[in-house]
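Descriptive structure summary
The lines below spell out each chain.
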Amino acid sequence: MVTSTTTLPAAEIDDHSAAALWLDRIPAHYGEQDRARIAEAIALMQRCVGDELLETGESAARHRLGTADILMALRLDGDTLCAALLSGCIGHAEIDSQLLDQRCGASIARMVEDLGRIAQLAELEPEASGTGRDKPREHARREENLRRMLLAMAKDVRTILIVLAEQLHLLRAAKALPRERQQALAEDTKRLYAPLANRLGVWQLKWELEDLALRYRQPDEYQRIARLLRERRDERQQYIASVIDTLRQEFARIGLEASISGRPKHIYSIWRKMQRKSVDIDGIFDLRAVRIMVETEDDCYSALSVVHSLWPYIPDEFDDYISKPKGNLYRSLHTAVTGPDGKVLEVQIRTQEMHQHAEYGIAAHWAYKEAAGHDAAFQRRIVLMRNWLESTLETEPPHELAASIYVMTPQAKVVELPPGATPLDFAYAIHSEVGHHCRGARVDGRIVPLTHKLANGETVEIITQKNATPSRDWLSIHQGYLTTARARNRVRQWFKQQDYDRHLAEGRNLLDKELTRLGIEAKPPLEQLAERFNLQRGDDVLAAIGRGDLSVGIAARQVGEPRHDRHDRRELPSEAEQAVQIALGRRKRPAHGRPEVVVAGVPDLMTQIASCCHPVPYDPIIGFITRGRGVAVHRANCPNISHLSDDEQERLIEVEWSDQPDHAAYPVDIVIIAADRRGLLRDVSSVLADEDANVIATETQTDATNDRASMRFRVEVSNVDQLEQLCAKLRQLTDVIEVRRSDR
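Residues numbered from 1 in each chain as written. Predicted model: local features only at pLDDT ≥ 70, side-chain atom pairs only at ≥ 80, totals over all residues. Heavy atoms only, no water.

1. Comments concerning the pattern of salt bridges
Close approach of charged atoms allows side chains with opposite charge to pair. Considering all chains together, one arrives at 20 salt bridges under this definition. In this structure, Arg331 engages Glu297 in a salt bridge whose closest nitrogen and oxygen atoms are separated by 2.5 Å. A residue pair is termed long-range when its members are at least 10 positions apart, and Arg331 in the loop between strand 3 (319-320) and strand 4 (333-338) and Glu297 in helix 14 (residues 297-310) qualify at 34 residues. Overall, the relative accessible area of 26% leaves Arg331 in the partly exposed class. Arg682 is the salt-bridge partner of Asp683, the closest N and O atoms lying 3.5 Å from each other. (Salt bridge = Lys/Arg side-chain N within 4 Å of Asp/Glu carboxyl O. Helix = DSSP H or I, 4+ residues; strand = E, 2+ residues; numbered from the N terminus. Buried < 20%, exposed > 50% of the residue type's maximum accessible area, 1.4 Å probe, protein only.)

If you want it as structure tokens, here you go:
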């Protein structure tokens, strides 16, 4: 059952007397200055709320006292208690930020301002616009954005703790509310508040939030588990304390230094594990759990020996995650034993380093229990918050800037943007057409310029006009209209489309000239070329040439064979065969009909070039005897060869390159990573054309978050020397970061 401790006076006492009694009961570690500020905050709070009653039937004054009391139990500082008492007071009874700054201090005034903004967000339902299987994923993403927005809006981490304490006190007081309202509060707690408490590591708030939410969401199941436990939480805590005493005595006897802590499982955690494992409570072995932290790995196993010598362990309930870490690199020893009085006890043993990794690294509790994606900058902010929460009260709370800002549409959809984003960035984040037709913006109801820097929690409304179009000024870095790469790319794309007709004519002219220069008389099969280059229509090929996105030389060579090359080639494939080779990405066979590779000691044995690693003359190679397909020739360092089993390695055989025909060609994949810019594809294509490297497949991607382009070309080369020369030329291009040969 959920039980809570409080220093609040009985409900029968009037609010003014209750506040005075509560103030007298404040612990001694709050100094005179703290007490004076808290008294001032109580006076302002009473002036603000008067005799107001909440939906729970409790007075607004008593609710704020209850919130401050929860925070006092967490040993939060006086400023936090004052801010909790004054939550929601700005804008009432002639109380504003300036008055709070003068009477209580700047820190308290800032927290109360943040609480006012967060109060608006807490009522939001995370709408999910997806359909079918995508809807739950979209719903979860919006919930995660709402949690992130709350964290980002709170310039001071203590503000979030006040929000959590307010929700907890509301749940405590919700016993008399209608069932529907109780369930709504419980659902809000489950999706928003409990994950925040978990993420911050405020376990004292987390378990009670989760337990109360379960009690309102599934009262029958909650009561059933409570009855099955047959003991109150306090009794279980006493049991854990007794276990810790026994362990400390035994560790002292053998000279093992260890820090031991225990936290009994709360009812929600038990229920969740029962659901996950599809078992009843008898199948849950960690109703009572102890954590032991030691200095070294060897100490972990020494502590384990002590535990197993004190109490018999339960078979199949021991996990050694130190020697075999989890996939997220989590490391610890887990065991379950039959402890004192025959009750099952789970023991977890780890070093301090393992604990730090589990709490703050990629195995962080919230990372794998909530299964939510997170970026490094955001996780670093969480770590700062949790570090402060576990430090002394004298430590200043962190004020690191958020890695993102979170703003809302008028329909309360949360949108994540980078710091410094403008209303125009917001418009393009909603939809390209909204951005293209944007003519103004309102932020929190006020008209603002399109260069306005958005802040956390603002509501942004975009003003559009049907005939409005983008301005080239938007692309100017100095004018500050756009911050995100996504928005800039959309504007560039729009202007490219507007110049389509001009680019189409220029591309047609360039292709005609190139075909004439090469002596190619065939008519360009534009629709086939469009499919070849992943374009929609034949005219798009010409427009891409005119814009410089597609090399005219590459396009021309796909139309036909250059006339001046014809007398140099022997046994050329037919035009139809060549088209099939290009479409399928197959390599051209050597011209002389001789094997490219000679198998040691076995003349005229059938060989084939492996498609996994694409060896080219004169790569170091090795052969693998296949079943019915001759010898597959791999590069010596091919991953598929290095992972062969012992039996399969017996089928390896020495091979070597034979003399190669003059015009033999072999496919090989080249990966290029570069800073995205206009004309990049054109420059790369020019190098490929100059080096006479026939391109038979392309794949390009652009990452708008960092303006990086990733390009993969499958080209035909005659040998490894030509490949290395080609890569060297590509590395010399402006903005190219990396060029490498790929095994795929």
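2. Focus on the confidence of the model for the protein
Confidence in the prediction of the protein, expressed as mean pLDDT, is 80, and 80% of residues score 70 or more. pLDDT under 50 marks residues 126-135. Its contacts with residues more than four places away, or in other chains, come to 15 contacts. Taken together, the stretch residues 565-595 has pLDDT below 50 and engages in 41 contacts with residues farther than four places along the chain or on a different chain. (pLDDT = per-residue confidence, 0-100. Contact = heavy atoms within 4.5 Å.)

3. Considering the packing of helix 3 (residues 60-73) against helix 4 (residues 78-85)
Where helix 3 contacts helix 4, the axes come no closer than 8 Å and their chain directions differ by 160 degrees. Relative to helix 4, helix 3 is oriented roughly antiparallel. For the pair helix 3 and helix 4, the crossing hand works out as right-handed. Here helix 3 contributes Arg64, Leu65, Thr67, Ala68, Leu71 and Met72 to the contact with helix 4, which in turn contributes Thr80, Leu81, Ala84 and Leu85. (Axes fitted to C-alpha atoms, helices over the stretch in contact; angles between N-to-C directions. Parallel < 35°, antiparallel > 145°, perpendicular 65-115°, else oblique. Left-handed = near helix turned anticlockwise from the far one by under 90°.)

4. A few points about helix 14
Between the first and last C-alpha of helix 14 there are 20 Å, a value that for 14 residues agrees with the 20 Å anticipated at 1.5 Å per step. All of the buried residues in helix 14 are Asp299, Cys300, Ala303, Leu304, Val306 and Val307. Here the buried residues of helix 14 occupy an arc of 160 degrees about the axis, which is enough to place them on one side. Opposite the buried face of helix 14, at more than 90 degrees from it, the exposed residues are Asp298 and Ser309. (Expected span 1.5 Å × (residues − 1). Arc of directions from axis to C-beta.)

5. Concerning the layout of surface pockets
If a probe the size of a water molecule is rolled over the atoms, the empty space left behind becomes visible. What the second largest pocket holds in volume is close to 1,600 Å³. What lines the second largest pocket is a set of 45 residues, among which Gln493, Lys496, Arg547, Asp549 and Leu681 lie closest to the centre. Secondary structure elements with two or more residues in the lining of the second largest pocket: helix 20 (485-498), helix 21 (500-518), helix 23 (538-547), helix 28 (680-690), strand 18 (694-703) and strand 19 (708-717). The leading source of residues in the lining of the second largest pocket is helix 20, at nine residues. Of the residues that constitute the lining of the second largest pocket, the class distribution is 17 nonpolar, 13 polar and 15 charged. (1 Å grid on protein atoms, 1.4 Å probe; cavity = no way out; pocket = protein on both sides within 12 Å on 5 of 7 lines; lining within 4 Å. Points joined across faces, edges and corners; volume = space filled by probe spheres on them. Nonpolar A, V, L, I, M, F, W, Y, C, P; charged D, E, K, R; others polar.)

6. A few points about the side chain of Gln348
If you trace the backbone, Gln348 turns up in strand 5 (residues 344-351). Within the local environment of Gln348, its side chain forms a polar contact with the side chain of Arg350, the two groups lying 3.2 Å apart. What Gln348 contacts, discounting residues up to four positions off in sequence, is Val290, Arg291, Ile292, Tyr330, Ser332, Leu333 and His334. (Polar contact = N/O pair within 3.5 Å; in protein donor to acceptor, adjacent residues only side chain to side chain.)

7. A few points about the side chain of Asp69
Structurally, Asp69 is set in helix 3. There is no salt bridge for the buried Asp69, and the closest opposite charge comes from Arg172, which lies 5.5 Å off by N-O distance. In terms of polar contacts, Asp69 uses its side chain to reach the side chain of Trp22, at 2.9 Å. (Lys, Arg positive; Asp, Glu negative; His and termini not counted.)

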